[in-house]
Amino acid sequence: MRYLMLLLAVLAGPARAVAERQPLAVAAAANLKPALDELVQAFQASRPEATVRVTYGASGAFFAQIRSGAPLDLFFSADREYPQKLVEAGLAQGEVVYAIGRLAVWVPARSRLDLERRGLAALADPAVRKVALANPALAPYGRAAEAALRAAGVLDAVRPKLVLGTSVAQAAQFALTGAADAALLPRSLASAPELAAAGRSVPVPDALSAPIEQSAVVLGAAHAPALARDLLAFVRGAEGRRILARHGYALP
Amino acid sequence: MDLQALRLSLWLATLTTLALVLLGLPLAHWLATTRSRLRFAVEAVVALPIVLPPTVLGFYLLVGLAPRTAAGRGFEALLGHPFPFSFAGLLVASVLYSLPFAVQPFAAALSGVDRRLVEAAHTLGASPLATFFRVTLPLAWHGVLAGAVLAFAHTLGEFGVVLMVGGNVPGETRTLSIALFEQVEALDYAAANRTAAFLLAASFLVLVAVHALQQRRFPRWDAR
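Residues numbered from 1 in each chain as written. Chains lettered and ligands numbered in written order. Predicted model: local features only at pLDDT ≥ 70, side-chain atom pairs only at ≥ 80, totals over all residues. Heavy atoms only, no water.

## Description of the interface of chain A and chain B
Counting from both sides, the interface comprises 24 residues of chain A and, opposite them, 22 residues of chain B. Regarding the contact of chain A and chain B, the summed buried area is about 1800 Å², with carbon and sulfur atoms giving 60% of it. Broken down residue by residue, the surface that chain A buries against chain B is led by R129(A), T177(A) and A179(A), which jointly contribute 24%. Our count for the contact surface shared by chain A and chain B stands at one salt bridge. Among the ionic pairs, E76(B) bridges to R129(A), the shortest N-O distance being 2.5 Å. (Contact = heavy atoms within 4.5 Å. Buried area = accessible area lost by both parts, 1.4 Å probe. Salt bridge = Lys/Arg side-chain N within 4 Å of Asp/Glu carboxyl O.)

This is the structure:
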């Protein structure tokens, strides 16, 4: 019995410490990974007492998790639709646009594809066997990528080559490992160090893909709503805007 | 339910099971009869997929068999297309992933066969192959069938590996479990419910079959 108590005490120790210093739980669209990592670092430099834990994934997946009661404080979506739906459902408030994203085509360094001249039509080339994008059913950038292919008139030619990642991050990983020959990605991700070092990217013209407004919400279930609002204000402030701009986003 | 995904999953599970019977029986026979010290290492390798997260297997397959690696080029030369995002790729992944679920019951059943009967067949002049098919296999067949059924069911439920190397291509790599994942993520709970209920029922029936096979004493070969 004494040992049992001891065991419980040992187990309860860390659990209590975690409860006292629970980090701010942030869910963010995968396209934000390079920018938000930097934003959070800068935020924590000015607020050393705050710990922030960010999970990256597909916005649609987070939307579903939040609706099922996921314990999150702040949600950075890749579009405005999911946050607006959460506000309508009474699960969040204060929807604000924090960045405007655009698409790029990324190809590995060894690729000889003439994207610069041929644009998206180059993806119909037989040399391109697989084109990765985020699943349009789950990810706003996947929908934007599909729409851009349609607008360029090559969707039917490219459709048999499409492979779908659960988020833009998985689409990027498919291309980075060489499993796919090209990927349609957010510019922010295509210019991230890992991808920039291993290949090159060409922006998709705005005429083909409308700019993607990305908004964020503080969630109703937040346990630290004040801290969540502070982080959001930091992202939209001067330093935040500078970081976002450097990662290829346009600003609201 | 996504019928295309259902067909794909059933076809993948069937081919995987066939491949595992063809490859797994000789391997299991070796494991059941060998005195080699290598046996323990081989047994451990066979058992690895039980303890490894499927994502580990998926990651190594994706990175190791990508078109730019030597192994990936070999695969491509063999099949005419790259390994990832293809049905053939999933088949290879499934065979690896379900290997222990076939080979372990196979080996257990084969090693349960009375040595004396096998030796008697040898002394009566039967070749090793003839002995295997006419003595060993008929005595061990319920274990072999249980292994095959388990491999089939395990492949039907495969998710992590397919998620990593599949790419969710309809009719090619969108299996039932991937379709279910997408339905849930897209909040289509009605469709997800149908898919999930099917997988649940199929798995339950398979396990009932396996337990029946393992417990029932089948008529002896010589009593027929």
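## Considerations on the packing of helix α9 (residues 176–185) of chain B against helix α10 (residues 189–215) of chain B
Residue and element names in this part refer to chain B. With their axes 8 Å apart at the nearest point, α9 and α10 run at an angle of 150° to one another. If you check the angle between α9 and α10, you find them roughly antiparallel. Read as a crossing pair, α9 and α10 show a hand that is left-handed. Contacts from L176, S177, L180, Q183 and V184 of α9 reach α10 at Y189, A191, A192, T195, A196, F198 and L199. Classifying every residue of the contact of α9 with α10 by side-chain character gives nine nonpolar, three polar and no charged. (Axes fitted to C-alpha atoms, helices over the stretch in contact; angles between N-to-C directions. Helix = DSSP H or I, 4+ residues; strand = E, 2+ residues; numbered from the N terminus. Parallel < 35°, antiparallel > 145°, perpendicular 65-115°, else oblique. Left-handed = near helix turned anticlockwise from the far one by under 90°. Nonpolar A, V, L, I, M, F, W, Y, C, P; charged D, E, K, R; others polar.)

## Notes on a nonpolar patch on the surface
Taken together, L48(B), I50(B), V51(B) and L52(B) make up a surface patch of nonpolar side chains, about 340 Å² in accessible area. Its location among the elements puts L52(B) in the loop between α2 (38–51) and α3 (54–64). (Patch = residues over 30% accessible without salt bridge, like charges linked within 9 Å, V, L, I, M, F, W, Y side chains within 5 Å. Areas by Shrake-Rupley, 256 points an atom, 1.4 Å probe, with all protein chains shown as cover.)

## What about the domain arrangement of chain A?
Residues and elements named next belong to chain A. Partitioning chain A into domains gives domain 1 (21–100 + 211–246) and domain 2 (103–203). The C-alpha centroid of domain 2 is placed 26 Å from the C-alpha centroid of domain 1. Contacts between domain 1 and domain 2 engage 13 residues on the former and 14 residues on the latter. Both faces considered, domain 1 and domain 2 share a buried interface measuring about 970 Å² in area, 69% of it formed by carbon and sulfur atoms. For R143, the salt bridge is made with D79, and the minimal N-O distance between the two is 3.8 Å. In this assembly, domain 1 and domain 2 are joined by three residue pairs in polar contact (both at pLDDT 80 or more). (Domains from an automatic or database assignment. Polar contact = N/O pair within 3.5 Å; in protein donor to acceptor, adjacent residues only side chain to side chain.)

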